[in-house]
Amino acid sequence: MGDWLLRHRRFLLFLLVLLVLGGLVAAQRLPVALFPEVSFPRVEVSVDAGNMPIAQTQVALTRPLEQALRGVPGVRQIRSTTARGAADISLQFAWGSDMRTALLQVEAAVNQELPKLPSGTRFRARRMDPTVDPILGLALTSSTLDPVALRRYAFYDLRPRLLSIPGVAQVTVQGGAEEEFAVRVDPWRLQHYGLRFSDVENALAGANSIEAVGRSERHYRLYQILSSSHLATAQEIGQTILKTGPDGIVDLADVAEIRQSTRPQWTTVTANGHNAVLLNILQQPGGNTVAIDAALRRLLRENAASVPAGVRISTWYDQSQLITAAAGSVRDAILIGALLAALVLFAFLRNLRLTLIVAIALPSVLVASALILLVLHQSFNIMTLGGMAAAVGLVVDDVVVMLEHLMRRIVEEKEEWSILHLAEEMTVPLAGSSAATLVIFLPLAFLSGVTGAFFQALAIAIAAALLVSYLVAFLAVPVLAQLLLRQKDAIAAESQGSLQRWLSERYRRVLSKVLARPRWLLAAVALLLALAAWSYSQVGSGFLPPMDEGGFVLDYRTPPGTSLAETDRLLDQVQGILAHTPEVAAYSRRTGLQLGGGITEANTGDFFIRLKQDRQRNIWQVMDALRQQIHEQVPGLRVETGQLMEDLIGDLTAVPQPIEIKIFGSRQAVLAQVARRVTATIQGVPGVSEAFDGITIAGDAIDIRIDPLRAQAIAGMTPGQITQQLRTLLEGQVVTSIPCGEEMIGVRVQASPDLSQRIRQLRRLPLIAPDGHYFFLNQVASINIEAGQAERQAENLQPMVAVTARIDNGYAMGTVLQQIQQRLAKQPLPQGVYLQFGGLYREQQQAMHDLALVLLAAILLVAALLLFLYEDFAIVLSILSTALLALGAVFIGLWLTGTERNLTAMIGMTMIVGIVTETAIFYFAELRGNEPEELLRAGIVRLRPVLMTAIIAILALLPLALGLGAGAEMQAPLAIAIISGLLAEIPLVLLVMPGIYVTLQRGAPLRKFLHRSS
């Protein structure tokens, strides 16, 4: 191998350069996003059938669709929410399912059921993935344009330009108003002329038409013959002829008032306290968020002159800012870690040439790793970048081990030596140690759920860096050393300073005593295990680490039945609070709408609040303060707060709240009672906030019950005919549309709104019978006000109410849920009612179970690798025992730093098994026999490299552990777990492991050594 390296050293250096250049090209082509691209196994179906009572909607709409969709292949869970005339149905599939096929099958199932559903039913099915929420939000406000003109500019001018940006999938528009012609018919005048509403509708439809009626060929040309009679203005609409006769012509203006109006809407959209139009930019899967943002801002600059006067375009959300800040933080962590590693290396080896080799190898490895990420269809995101930062210490470890070995062997050889031949001696130890670290990532490939979706990307990034690191350390570093190093460099590096000599001497004495009486270790090991067990009981469990995203969503709900005007009045007070909060940079508000879609009443909606980058309080303090202020100053408004990515993950898994208690039973009234009792119980648990009983009241309703007998006797009409006439009178009906530029403007026929503003007026609402006479509504129907009905939920076709709550920052999810479970266990439940825990807690429990299996699989794989390398159970048990003791030290580190045992920390624990094993392999690689004298010699030889690599890795991870910079909080538990294990690794590998090995060995050399030492 040494001869081969010598012959091909130029080729190897050239190959290293090619890898680095390829990595640089790959880094330019890799998409940049906040999180890895994830295909969540969930499809959401939204169905709208107009206005119907909730009970009727469930029977006529939701239940048939649930039964049809339950038969879609691969559906594991189906969940529904039923409101007035609308339903949201969520279908959960197995992770790894082909969601494109699943979406087509869902749409096919709904289409097959559609003819059996109420007429006019519309539906939309969509896959749920991180692209369902916007990556960028623009707000348009204007002091000169009215809401119609502002929306028209946003939709027909700005939106097409934004859609031309590569990577943009969709641009949705919220707010503003859409133009319509309102035809306000007077029923009395209509009856006076002997006309009906259907006459008006038919006349308008007939007067506004354009149709091809044939073709004509003449003079070598083909002509299309059009019959055109379309309306254009309110005056032309008023001239529509309704009736002719001896008494003259009756046109529409004789019976109705025609004017330009806007489409009825029950929503409000604002930005920074002003009426606004919002544009939400959604990216395609695999899109480059940062590139899209840069292209959009460039487009806005280039087209600034075309923006209408008085229109201001601002940003209310920009995900690229968080991505850029997070990438910058990880970049800084890598640079700081590399600088600290170089300083430590220089302090131990005192040689600039050796430091230069590390300075060449480290960035080369990280850059070349980008090439592997590109091949594996990964992106630069918070997980892959964090993985590369976490791998810095491990990469330096491989290089340092090789260099330290070369320096020591050069000094030992004294005369003729070849670095490339000396490097060959490290073939097995270096390959074994790298394999020990890489093999622990294999079980991660079998993870599913949110854990697998997010942490497989992190594992791929670390594994890519380690694989390239091994190749560089084994092939490139010896070649660089051959070119750069001299024997005097090795002699200088191997000469120990006074501190190193002192450490070596103290270590020799302590290890001699340990090897002489290994039973002394029992007390230390027992103490470590006891402290680890106690720490484990004190460390709370969580899900994903909390991360300051720089902005959050504030969901709100006014009392059921609150009008849109009253809701706006209450929210004006909230906007005043936001305007006086110094940390708030901008905000947008939706009422009757939601950022993520879904069923929304006119009394509900959300704010998105973007915070300033430089602020005194963190995001959790701001959210707590705002909740408290709103509670004190705006009574009656219930609010919930959550960061967008946290809500996104929750929405993708169907429930955004960490706490969800699902109450199942057959009777809605009983479920509501139990839900209120459960809510009152959990509100007293420390750390629980924003508890909601899951009962959403849709608001009061005016119930018109038509008597079929009276309807037939008085008017000669069926209830359906009367209902159709009521719809035209009260809601209005678009009977035709007029082309105007790029849009079609509807013509809505309805009665004057004054006729239905009060119940008394509604009772006297005039209707027209087929024979032309009129009658009042109360002659054929009873009119009553019914209290609001609660929306209905079901899971797998079982009625259910879900009590939800959030967990305050600083409280562990596992601890809070344990207290909730203890309290609920003491409460008796009615017969037939039972509870289940869902939400993010269920995801966390499944994730912890899966990661525990991954950790066990990693240990078993490491054991198999060690047996392959050594075929010696004593060595295998010694190394595994040391790695398991290091895991105990991780719990101590988590407890001391107040860190949760969350998913990121569990990944760090898994990595510690490989890191400790790697160090232990190098220790046993120094043994030339199993005599205790050899253990002592190997320990002294490995003392300096173990200290060097551990200190370098700790310092490299320190910026991440401290959570410095945006996004660093996501990787902090991983860094803390690894640092804790590395701190314990030094005494465990250098003292405890030799003692365990001595205990396991029962040969004559051991007894002789122990006798002489005593």
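No experiment lies behind these values; they were computed from the predicted model shown.

### Here we look at the nonpolar core
Inference 1: Core analysis: the largest hydrophobic core is formed by 201 residues, its most contacted members being Phe441, Ile659, Ile682 and Ile820.
Inference 2: If sequence neighbours within four positions are ignored, Ile659 has contacts with Val688, Val803, Thr804, Ala805, Arg806, Ile807, Val816, Leu817 and Ile820.
Inference 3: Of all hydrophobic cores here, the second largest spans 40 residues; its members include Val200, Leu204, Leu726 and Ile768.

### Quick notes on the pattern of salt bridges
Inference 1: Within the structure shown, the criterion is met by 30 salt bridges.
Inference 2: Across the pair Arg126 and Glu44 runs a salt bridge, and its minimum N-O distance is 3.3 Å. Of the two residues, Arg126 is situated in strand E4 (residues 122-127) and Glu44 in strand E1 (residues 42-48); the sequence distance between them amounts to 82 residues.
Inference 3: Notably, a salt bridge pairs Arg638 with Glu640, separated by 3.0 Å at the nearest N-O pair.
Inference 4: The network of salt bridges with common partners includes Asp624, Arg627, Glu690, Arg806 and Asp808.

### Description of the sheet that holds strand E12 (residues 256-262)
Sheets are built from strands that pair by backbone hydrogen bonding, the pairs being arranged parallel or antiparallel.
Inference 1: Read across the open sheet, the 4 strands follow the order E12-E7-E25-E24; overall the sheet is mixed. What marks the edges here is a single partner per strand, and that holds for E12 and strand E24 (733-740). Sheet twist, expressed as the mean angle between neighbouring strand axes with direction ignored, is 25°.
Inference 2: As paired strands, strand E7 (residues 179-185) and strand E25 (residues 743-751) are joined by 6 bridges and run parallel to one another. Looking at the pairing, Ala182 lines up with Arg748 of E25.
Inference 3: Strands E7, E24 and E25 of the sheet are contacted by helix H7 (residues 197-207), whose axis makes an angle of about 20° with E24.
Inference 4: Sheet strands in contact with helix H25 (residues 719-730) are E24 and E25, and its direction is about 115° off that of E25.

### Observations concerning the side chain of Asn381
Inference 1: Counting through the fold element by element, Asn381 comes out in the loop between helix H11 (352-375) and helix H12 (382-390).
Inference 2: A polar contact of 2.8 Å, which involves the side chain of Asn381, links it to the side chain of Ser379.
Inference 3: Non-local contacts of Asn381, meaning those with residues more than four positions away in its chain, are made with Ala33, Leu34, Phe35, Pro36 and Gly386.

### Section: the pairing of strand E10 (residues 241-245)
Inference 1: Bridge count between E10 and strand E11 (residues 248-251): 4 bridges; the pairing is antiparallel. The residue of E11 that forms the bridge with Lys243 is Val250.
Inference 2: Between E10 and E11, which pair antiparallel and follow one another directly, the connecting turn spans 2 residues.

### Looking at the packing of helix H2 (residues 9-29) against H11
Inference 1: Put simply, H2 and H11 touch, their axes get as near as 7 Å, and they point 60° apart. Overall, the two elements H2 and H11 adopt an arrangement that is oblique. Once H2 is placed against H11, the crossing between them reads as left-handed. Across from Leu16, Leu19, Val20, Gly22, Gly23, Leu24, Ala26 and Ala27 in H2, the residues of H11 making contact are Ser364, Val367, Ala368, Ala370, Leu371 and Leu374.

### Points about the sheet that holds strand E15 (residues 277-283)
Inference 1: Across the sheet, 4 strands lie side by side as E6-E15-E5-E16; this open sheet has antiparallel pairing. The sheet is open, and its two edges are formed by strand E6 (168-175) and strand E16 (311-318), each paired on a single side. Sheet twist, expressed as the mean angle between neighbouring strand axes with direction ignored, is 20°.
Inference 2: Strand direction decides the pairing type here: E6 and E15, joined by 7 bridges, are antiparallel. Paired with Val173 across the bridge in E15 is Leu279.
Inference 3: Helix H9 (residues 289-302) contacts strand E5 (136-142), E6, E15 and E16 of the sheet and is inclined by roughly 25° relative to E5.

Definitions and limits used
Residues numbered from 1 in each chain as written. Predicted model: local features only at pLDDT ≥ 70, side-chain atom pairs only at ≥ 80, totals over all residues. Heavy atoms only, no water. Core = buried A, V, L, I, M, F, W, Y, C linked by side-chain atoms within 4.5 Å. Buried < 20%, exposed > 50% of the residue type's maximum accessible area, 1.4 Å probe, protein only. Contact = heavy atoms within 4.5 Å. Salt bridge = Lys/Arg side-chain N within 4 Å of Asp/Glu carboxyl O. Helix = DSSP H or I, 4+ residues; strand = E, 2+ residues; numbered from the N terminus. Pairing = 2+ DSSP bridges. Axes fitted to C-alpha atoms, helices over the stretch in contact; angles between N-to-C directions. Polar contact = N/O pair within 3.5 Å; in protein donor to acceptor, adjacent residues only side chain to side chain. Parallel < 35°, antiparallel > 145°, perpendicular 65-115°, else oblique. Left-handed = near helix turned anticlockwise from the far one by under 90°.

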